[in-house]
Each structure stands twice: as C-alpha cells, then as structure tokens.
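Here is what each chain is made of, one letter per residue.
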Amino acid sequence: MAFANQLQSGFTLFLSLLVEALPFLLLGILLSSVLLLFVDEQALIRRLPRSPLLGALVGSCIGFLFPVCECGNVPVARRLLVQGLPTSVAIGFLLAAPTINPIVIWATWTAFRDQPEIVVFRVLFSLAIATIIGWVFSFQKDLTPFLQPTVTSLMRRPQPQAATIPALLQSGTYLLGTPGQPLAMETLTLAPPTATMPWQQRLPQVLENVVQEFRELGGILVLGSLVATIIQVAAPRELILSLGQGPVISIVAMMILGTVISICSTVDAFFALAFAATFTPGSILAFLVLGPMVDLKGLGLLLTIFRPRALIYLFLLVAQLTFSLCLFLNLQWS
C-alpha cells in the first residue's frame, strides 16, 4: 500500500512538473527560432560597444534578442565569434543568455510567484557573474590559445559575399541540413545572412528549427522531470532536510545537482520549485544560476568553441562567484 501511494504521488508530481513547464518550452523554442532567423547578426555586431566592461554587460543582455537556452547559446555565440564578435561580449552572452531572456524570467516568475526575490536575485546574480567573467576574459588580448583550431581557422578565413548552400543555425546541439545529416562547421560561414533571405525560404527553416529543438529539448524536459520526481519520492526525507538546511552544504548539493542534471533553463525553475520547501534560498539560486551556465551538457557543447584549459578557468570562475554570492545571501537570510 505504501509503495502504491508513493507511485501515485510520484506520477502526480511528474505530470504537474511536465504540464507546467511544457508551454514555456514551446514558447521559448518558437521565439528563438523566429529571432535567430530574422535578426541581422552583422548589423548587431557593428552596433556593439568595444569597451570590455560595457561590452560584457551588453553581451549579457543580448539574451533578450536571442532567447535561447544553454543548448542554443553555444552555436549562436560560435557563429558570432567567427563573424567578429568581441571576446567580452561573446563570454557575457554565453553565460547569461540562458537566464537573461524574457521566457526564462517569465517561467521563473510563474514557478516562484510567492518568492519574487528568487526571480530578482536570479537575474542580478546571472548578470553580475556573466559581466565579471566576460570582462576578465577580455584581458586576454589574443583569445586564439583558448579556442579550438576549427574556430580560429574560420576567424582568419575571408568571408565570401554569397553562397548557394544555405546553412540553418539550429539552437540545439548541432547543425542540421536535412534531418539526421550534420553539416560541417565550415558551412556556417558560407551562408548569406538568413535575415536577407526571401520569406519563402525563411518560413520552412523556422518550422524545421522548431521541430528539431522540440525533439531534443522535449526529451531533456521529460528526463529532468522524472529525475526530480524520483529524488522527491524515493530519497529519505531526513536526508533531504539535512542537506537542504545547511547554509553551505545546501549550496554545494544544489550546485552539483545543477551541473549534473543538465535541465533546460526554460523549465529548470519548475524543477527547483520541488526543492523550495526543504532547501535554503541561496541553494535554490545556486541551482538556477550555475546550471544554465556550466552544466555537463553545456560543457560538452562549449568544447566546440574552447579548449579544455579555457573551460576549466570558466567553470572555476563561475562556480566560485556563484558559491560566494549564494552563501552571502544565505547568511543574510539566516
């Protein structure tokens, strides 16, 4: 009887997480597909500030124009880097875009409507961390030792004015020409700007991008909801409480969970909501801030841009800043 009750409770929790999160995932996919295909990236780069600190701040806010999750920001940033995006802007965008965008902010507000401070601090902490790290990386005048050879070779290569093969930038984990056929990264720089294409060519690409993203991210959403359900139902209540109430251990536990679970930032607030009653506010914020920046899935994607040494620097900086800010918050609220 007890097992049946647990199973029923788990199924109810799983469905509630899924039903709450699914509309935000769909909306995020639609907006990212439309904006990625209709924003003139070259014009955007020309208008960005060259000041390292201001550039990092502006780059951290570009997520409002490119509302992509931590799957989509990597191919977008790689494409913009090749086209001449300043380093500070690229790092700021990479770290902040999965959180500093209207879809994620709205989803976080929906999940934590009774705790608006979680929404505010998530935005402020993400913006501060992305800006600081983007500014720090700008002191490296030559970024090529940190970049993968494929990226640096494309940055040095002259850009042709036109091409006959259009390349669709997918805001998922890889580029696709036709379903199941990955494109070489070099084709990324050969395509004319999508914003200049005729409408008849743009709309099919929007639809293809939506289908591909939903197929990839929908599976991640289901898996994340299932893991959250299993933890809540199967883990001993005493263990959860012991981990969740310590001002330090709660942050460490949620940072590890955020890195390992690799759930999409569009819906991670609903996952974190399941722990809000038992974990400290700082630990919830640690999950919401760190996960979108450097989870395992994202680190794998970042390896398409950066060498491992650069990723170690990036991870350590993000983890240290996240832990410090969240611990300070826990101590203030205790």
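In the block above lies the structure referred to throughout.
Residues numbered from 1 in each chain as written. Predicted model: local features only at pLDDT ≥ 70, side-chain atom pairs only at ≥ 80, totals over all residues. Heavy atoms only, no water.

Some words on the overall build of the protein chain
Note the following rule: Where helices and strands are cited, they refer to DSSP runs of H or I of at least four residues and of E of at least two residues respectively, numbered from the N terminus. Residues count as neighbours in contact if any of their non-hydrogen atoms are within 4.5 Å of one another. Using the Shrake-Rupley algorithm and a 1.4 Å probe, accessible areas are obtained, with residue cover drawn only from the displayed protein chains.
A tally of regular secondary structure across the protein chain gives 15 helices and two strands. Look at the contacts in the protein chain between residues 6 or more apart in sequence, and 84% of them connect residues 24 or more apart. If you sum the accessible surface of the protein chain, you get close to 14600 Å²; carbon and sulfur atoms cover 71% of it.

Comments concerning the pattern of salt bridges
Short version of the rule: Salt bridges are defined as contacts in which a side-chain nitrogen from Lys or Arg sits within 4 Å of a carboxyl oxygen from Asp or Glu. Note on classification: 1.4 Å probe, protein chains only; a residue is buried when its accessible area is under 20% of the maximum for its type, exposed when over 50%, partly exposed between these limits.
Within the structure shown, the criterion is met by one salt bridge. With a closest N to O distance of 2.8 Å, Arg122 and Asp268 form a salt bridge. With Arg122 in helix 7 (residues 116–138) and Asp268 in helix 12 (residues 268–273), the pair connects residues that are 146 residues apart, well separated along the chain. Judged by its relative accessible area of 1%, Asp268 is buried.

As for a nonpolar patch on the surface
Quick note on the threshold: To count toward a patch, a residue needs a relative accessible area above 30% and no salt bridge. Like charges then connect within 9 Å, nonpolar side chains (Val, Leu, Ile, Met, Phe, Trp, Tyr) within 5 Å.
On the surface, Leu243, Val248, Ile249, Val252, Ile256, Val260 and Leu296 cluster together into a nonpolar patch covering about 550 Å² of accessible area. By residue number, the principal contributor to the nonpolar patch is helix 11 (residues 249–261), which donates four residues. Tracing the backbone shows Ile256 in helix 11. When its relative accessible area of 52% is taken as the criterion, Ile256 is described as exposed.

Notes on the packing of helix 13 (residues 281–294) against helix 15 (residues 308–333)
Keep this limit in mind: Note on geometry: axes are C-alpha line fits, over the in-contact stretch for helices, and angles between N-to-C directions span 0 to 180 degrees. Should an angle lie under 35 degrees it is considered roughly parallel, over 145 roughly antiparallel, and from 65 to 115 roughly perpendicular; all remaining angles are considered oblique. By definition, any crossing whose near helix is turned counterclockwise from its far helix by less than a right angle is left-handed, and any crossing with a clockwise turn is right-handed. Residue polarity follows a fixed list, in which Ala, Val, Leu, Ile, Met, Phe, Trp, Tyr, Cys and Pro are nonpolar, Asp, Glu, Lys and Arg are charged, and the others, Gly among them, are polar.
Contact geometry of helix 13 with helix 15 gives a least axis separation of 8 Å together with a crossing angle of 165°. Accordingly, the angle class assigned to the pair helix 13 and helix 15 is roughly antiparallel. Here helix 13 and helix 15 pass one another in a crossing that is right-handed. Between helix 13 and helix 15, the residues in contact are Pro281, Gly282, Ser283, Leu285, Ala286, Val289, Leu290, Met293 and Val294 and Phe315, Val318, Ala319, Thr322, Cys326, Leu329, Asn330 and Trp333, respectively. Of the residues in the contact of helix 13 with helix 15, the class split is 13 nonpolar, four polar and no charged.

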